[in-house]
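# Report on the structure
For reference, the chains in residue letters:
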Amino acid sequence: MRLMDADHVGLVVAAQAGDDRAREELIAAYLPLLYNIVGRALSGHADVDDVVQETLLRVVRDLPALRAPESFRSWLVSITLRQISNHRHRQRAFAGRSTVIDEAHQIPDAGAEPGDMTILRLHVSDERRQVVEAGRWLDPDHRVLLSLWWQEGAGLLSRDDIAAGTGLTVAHVGVRLQRMREQLELSRTIVAALEADPRCPQLDEAIMGWDGLRTSVWRKRIARHTRGCPVCAATTTERVPVERLLLSLAPLAVPAGLIAALAAKGLLSGTAAGAAGLATAPVAVGTATGGGSLHSLLIGKLHAVTAHPLVALATGAVLITGTATYMTWPEPAHRVPGAIAAPTAGNPTPIPSRTTTSAGPSPVSPPAVAGTVPLGAQSLESVDDPSLYLTYAGDFATLGRVSASSSAQTRQRVTFTVVGGLADTRCVTFLAADGRYLRHRELRLQLSTNDGSELFREDATFCPHPGAVAGSVTLHAHNYPGSVLRYRDGGIWLDGPDGTRAFADQASFIVRRPWA
């Protein structure tokens, strides 16, 4: 598959209209790209299959709301990156509750990772093997960028796709990719130095106490030695450019088990899989405990897809974190305001007392205590970090700091005019000072001018409910019941609650009168 052509645009349009065959062909066409992005970004983690499945469930559920069929590829990338991020958040949360034995059990078997199996089969050179190993030394965000850059080099993504998928400008993507490449080259030096025979004696001293895990702390510690060591630096001479090494590596084959799970109950037909060259993919099912049963469970849960793919997927179950844990998706029917519970975690706690000044916002507006947002000029303060307020940078909403000494422009950006919801006056819509509206698009909150469409009105309408602490609110998307606005990864995203207190705080805001 190369960059999207007119036929794929036609498939998107047909799939949006309910054509099951078009939907299956679309999934088959993009499954290899999706699997390679996730597989490379997670370095072959045992949960790769589950993250791919979660992503496809999201794609099928949200496809009817995609306004521009020609942007399907970048839209898919955006959802994929969000699911990768969600997986990392879950892993961190799980690690915090795990015992030492549990944590050791989670460490992937390097010998079982898809990249490593490909390398062993092809008997590729040491440099190719080392560049894959170096990728595992990268910070998680850089591993994701490496995965995207890899697909760009293979002609499967464009730089514009990466920019749209990450919510960055093309220029900013270029800067971030350059930083990633610098860290990758540094990691290549580390891998070569560690594998040198004989190894530098000073390096042996520098890594005393190392537990063998590829962490940023040890990367920086080893790098401090390799930068100034002529012995270790000698391993970098006449090195093949990383671009050539990456492109010479075979793409990850989609596992037969994953294909079977998708094909068995209608997401991916045998014909569509064969047309995409998937039917003969080698078996490379994850080696996590219970992996086989996971696929069986997924097949059973996907049984209802054949009856009505969108509704069934919305009410079905997603297998997450490699265990039989379920996250239910809400029914995508028109919501009734007041019928959805807020994503609270535990009992609400009182709002900390706050001293007000004439140059700052007043305390909580009285109506907000009941889980509503008063009409008129208001500011939204984050419960997760009371020093941050809802604001925007360019076209995208985010959180920013504001104080009595902040500029007039900064104070203006944290003030929104709240009006009755464009799609439902029982809910609310937020108007920025520059005349643009807050609306979600591709599941990210951004500012946009009103184009008069029904989709815009729905995207710009949010229904408030009680938040994580007394007097705070959560903002539910009118056209995505159960999905709430939440701050993470530098932006405001539309996410389904995961039941944690951290999520509840990130999705809760205190309504305050505007800054003077």
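Every chain's residues receive numbers from 1 upward, in the order its sequence appears when written. Totals for whole chains, interfaces and linings use all residues, but because this is a predicted model, local features are given only for residues with pLDDT of at least 70 and pairs of side-chain atoms are given and counted only at 80 or more. Only hydrogens and water are removed before side-chain values are computed, so all heavy atoms of the structure are retained for them.

### Regarding the packing of aromatic side chains
Only Phe, Tyr and Trp rings take part, Trp by its six-membered ring, and two of them pair if their centres are within 6.5 Å. Stacked means planes under 30 degrees apart, edge-to-face means over 60, and tilted covers everything else. Tallied over the entire structure, the rule returns six aromatic pairs. Aromatic side chains Tyr30 and Phe72 sit 5.1 Å apart centroid to centroid with 65 degrees between the ring planes, which places their arrangement in the edge-to-face category. Remark: Phe72 occurs in helix 4 (residues 72-97) and Tyr30 occurs in helix 2 (residues 20-41); sequence separation between them is 42 residues. We call a residue buried when its accessible area falls under 20% of the maximum for its residue type, exposed when it is over 50%, and partly exposed in between, using a 1.4 Å probe and counting protein chains only. According to the relative accessible area criterion, Phe72 is buried, its value standing at 2%. In textbook terms, an aromatic cluster arises when at least three aromatic residues are bridged by ring pairs, as seen for Tyr30, Phe72 and Trp75. Across from the ring centre of Trp150, 3.9 Å away, lies the NZ or CZ of Arg40, which sits over that ring. Of note, Arg221 hangs over the ring of Trp218, and the distance from its end group to the ring centre comes to 4.4 Å. In this description a helix means any DSSP run of H or I spanning at least four residues, a strand means any run of E spanning at least two, and both kinds are numbered starting from the N terminus. Charge over a ring is defined by NZ of Lys or CZ of Arg lying within 6 Å of the ring centre and within 35 degrees of the ring normal.

### Points about helix 3 (residues 48-62)
Residues spaced three or four apart along an α-helix point in a common direction, a consequence of the helix completing one turn every 3.6 residues. In this scheme, a helix's expected span is set at 1.5 Å multiplied by one less than its residue total. Between its terminal C-alpha atoms helix 3 stretches 21 Å, which fits the 21 Å expected from 15 residues at 1.5 Å a residue. Extensive coverage of helix 3 is indicated by the burial of 15 of its 15 residues.

### Some words on the pairing of strand 10 (residues 462-466)
Burial within strand 10 is extensive, with four of its five residues counted as buried. When DSSP finds at least two bridges between two strands, those strands are taken to pair. Summarising the sheet, strand 10 and strand 11 (residues 472-477) pair through five bridges and their orientation is antiparallel. Its bridge partner being in strand 11, Pro464 is matched across the sheet by Leu475. Counted between consecutive antiparallel strands, the loop separating strand 10 from strand 11 contains five residues, among which Gly471 sits at a positive phi close to 85 degrees.

### With respect to the nonpolar core
One broad trend across soluble globular proteins is that nonpolar side chains are buried collectively. Definition used in this section: a nonpolar core is a set of buried Ala, Val, Leu, Ile, Met, Phe, Trp, Tyr and Cys residues joined via side-chain atoms within 4.5 Å. Core analysis: the biggest nonpolar cluster contains 74 residues, and Val52, Phe72 and Ile84 have the highest contact counts within it. Counting residues per element, this core draws most heavily on helix 2, at 13 residues. The contact criterion used throughout is that any non-hydrogen atoms of two residues lie within 4.5 Å. Once you skip the residues sitting within four places of it in the chain, Val52 turns out to touch Leu31, Leu34, Tyr35, Val38 and Leu258. If you look at the next biggest cluster of nonpolar residues, it comprises 26 residues, including Val373, Phe430, Leu443 and Phe462.

### Considering the pairing of strand 12 (residues 484-488)
Counting buried residues along strand 12, four of its five residues qualify, which places the element largely inside the surrounding structure. Direction of pairing for strand 12 relative to strand 13 (residues 491-495): antiparallel, over a ladder of five bridges. Its bridge partner lying in strand 13, Arg488 is registered against Gly491. Turn length for the strand 12-strand 13 hairpin, with the two strands adjacent in sequence and antiparallel, is two residues, and the turn residue Asp489 shows positive phi of about 50 degrees.

### Examining the confidence of the model for the chain
Scored between 0 and 100, pLDDT is the confidence that the predictor attaches to each residue. Counting all residues, the mean pLDDT for the chain is 73, and 70% of those residues have values of 70 or more. Taken as a whole, residues 97-124 scores under 50 in pLDDT and shows 35 contacts with residues more than four places along the chain or in a different chain.

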